[in-house]
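Given next are the chains, with one letter for each unit.
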Amino acid sequence: FTTASNATHFDNFIFKNDKISQIQSYDYRHTSNDTINKYTFTFIYNADGLLAQLREAWATGKLYTFDYEYDTSEKPIKVTQKTDGVWVQEFTVQFKKDLIETVNSTSLVGLNRAIDYDVLGNPKTLIRYDTNPISFSEFTFDSQNNFFAGIPEIKYLWIARPLFNFLPFGNHNIESVR
């Protein structure tokens, strides 16, 4: 939990069969003695024990779902995001042996990304190609393995909750942008 001057934030973790089943997040308001629900994350697993879906139900009524697909080696190859049942974004992951080779993101609103990795599995380029408005940027990184250290704003180009589960981020610095 965390405490601010007028509220305390709590996250309640529920486990089932040694896996996280749900996170319930809420605030306790000191001034009114009210408990306010913020969101509930529900983790749904497939028969192999892999995450099949992450559901984010927010107190505002929004429902975000992330559906996961795996290859025969149980590597994640696709994540589809929906908001209130409407397709919003899709992430695909390509592997070369056990290392991530490419990650692509396609979005309903035209914010698209691609990350290419070197032979050691470290990110080497991020390509941003947006359709609304039309733009194209390519970022290249050094070998220090930190994806976001060079220019802080780059972290906002590729923020997707489900990708944090399996994308390697390290200490890369941006070497060039074109």
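Structural data are supplied above this passage.
So, how was this worked out
- Residues numbered from 1 in each chain as written.
- Predicted model: local features only at pLDDT ≥ 70, side-chain atom pairs only at ≥ 80, totals over all residues.
- Heavy atoms only, no water.
- Helix = DSSP H or I, 4+ residues; strand = E, 2+ residues; numbered from the N terminus.
- Contact = heavy atoms within 4.5 Å.
- Areas by Shrake-Rupley, 256 points an atom, 1.4 Å probe, with all protein chains shown as cover.
- Core = buried A, V, L, I, M, F, W, Y, C linked by side-chain atoms within 4.5 Å.
- Buried < 20%, exposed > 50% of the residue type's maximum accessible area, 1.4 Å probe, protein only.
- Salt bridge = Lys/Arg side-chain N within 4 Å of Asp/Glu carboxyl O.
- Phe/Tyr/Trp six-rings, centres within 6.5 Å; stacked < 30°, edge-to-face > 60°.
- Lys NZ or Arg CZ within 6 Å of the ring centre and 35° of its normal.

With that settled, consider the overall build of the protein chain. Scanning the protein chain from N- to C-terminus turns up 0 helices and 13 strands. The N-to-C order of helical and strand elements in the protein chain reads β-β-β-β-β-β-β-β-β-β-β-β-β. In the protein chain, the share of contacts with a sequence separation of at least 24, taken over all contacts with a separation of at least 6, comes to 24%. Put simply, the protein chain shows about 10,500 Å² of open surface, and 52% of that area lies on carbon and sulfur atoms.

In this structure, Asn 17 is a non-glycine residue whose phi angle is positive, near 55°. By secondary structure assignment, the location of Asn 17 is in the loop between strand E2 (7-16) and strand E3 (19-29).

Along the chain, Gln 22 falls in strand E3. In contact with Gln 22, not counting residues within four places along its chain, are Asn 12, Phe 13, Ile 14, Thr 40, Phe 41, Thr 42 and Phe 43.

Below, the discussion takes up the nonpolar core. Counting residues in hydrophobic clusters, the biggest one holds 11 residues: Ile 20, Ile 23, Tyr 39, Phe 41, Phe 43, Leu 51, Leu 54, Phe 66, Tyr 68, Val 79 and Phe 91. Going through the elements one at a time, E3, strand E4 (34-45), strand E5 (51-58) and strand E6 (63-70) are the ones with two or more residues in this core. With 3 residues, the single largest contributor to this core is E4. Once residues within four sequence positions are removed from consideration, Leu 54 is found in contact with Phe 41, Thr 42, Phe 43, Tyr 64, Thr 65, Phe 66 and Tyr 68. Core analysis: the second largest hydrophobic core is formed by 7 residues, Val 93, Ile 100, Val 103 and Leu 126 among them.

What follows deals with the pattern of salt bridges. The tally for this structure, following the rule as stated, stands at 5 salt bridges. The residue Lys 38 makes a salt bridge to Asp 27 at a minimum N-O spacing of 3.4 Å. Residue Lys 38 is located in strand E4, and its partner Asp 27 is located in strand E3; the two are separated by 11 residues in the primary sequence. The class for Lys 38 is partly exposed, based on a relative accessible area of 30%. Look at Asp 27 and you get buried, because its relative accessible area is 8%. With a closest N to O distance of 3.9 Å, Glu 69 and Lys 78 form a salt bridge. Assessed through its relative accessible area of 24%, Lys 78 is described here as partly exposed. Several salt bridges share partner residues, and in doing so they unite Asp 27, Arg 29 and Lys 38 into one network.

Looking now at the packing of aromatic side chains. Applying the stated criterion across every chain yields a total of 3 aromatic pairs. Relative to Phe 41, the ring of Tyr 39 lies with its centre 4.7 Å away and its plane at 25°, an arrangement referred to as stacked. Per residue, the accessibility class of Tyr 39 equals that of Phe 41, and both read buried. Look at Tyr 39 and Trp 58: their rings are 4.5 Å apart centre to centre, the planes differ by 45°, and that puts the pair in the tilted class. Placement of Tyr 39 in strand E4 and of Trp 58 in strand E5 is noted, with a sequence separation of 19 residues between them. Taking the relative accessible area as the measure of exposure, Trp 58 reaches 33% and is therefore partly exposed. An aromatic cluster of at least three residues, connected via ring pairs, comprises Tyr 39, Phe 41 and Trp 58. Note that Lys 75 overlies the ring of Phe 95, its terminal NZ or CZ placed 5.6 Å from the centroid.

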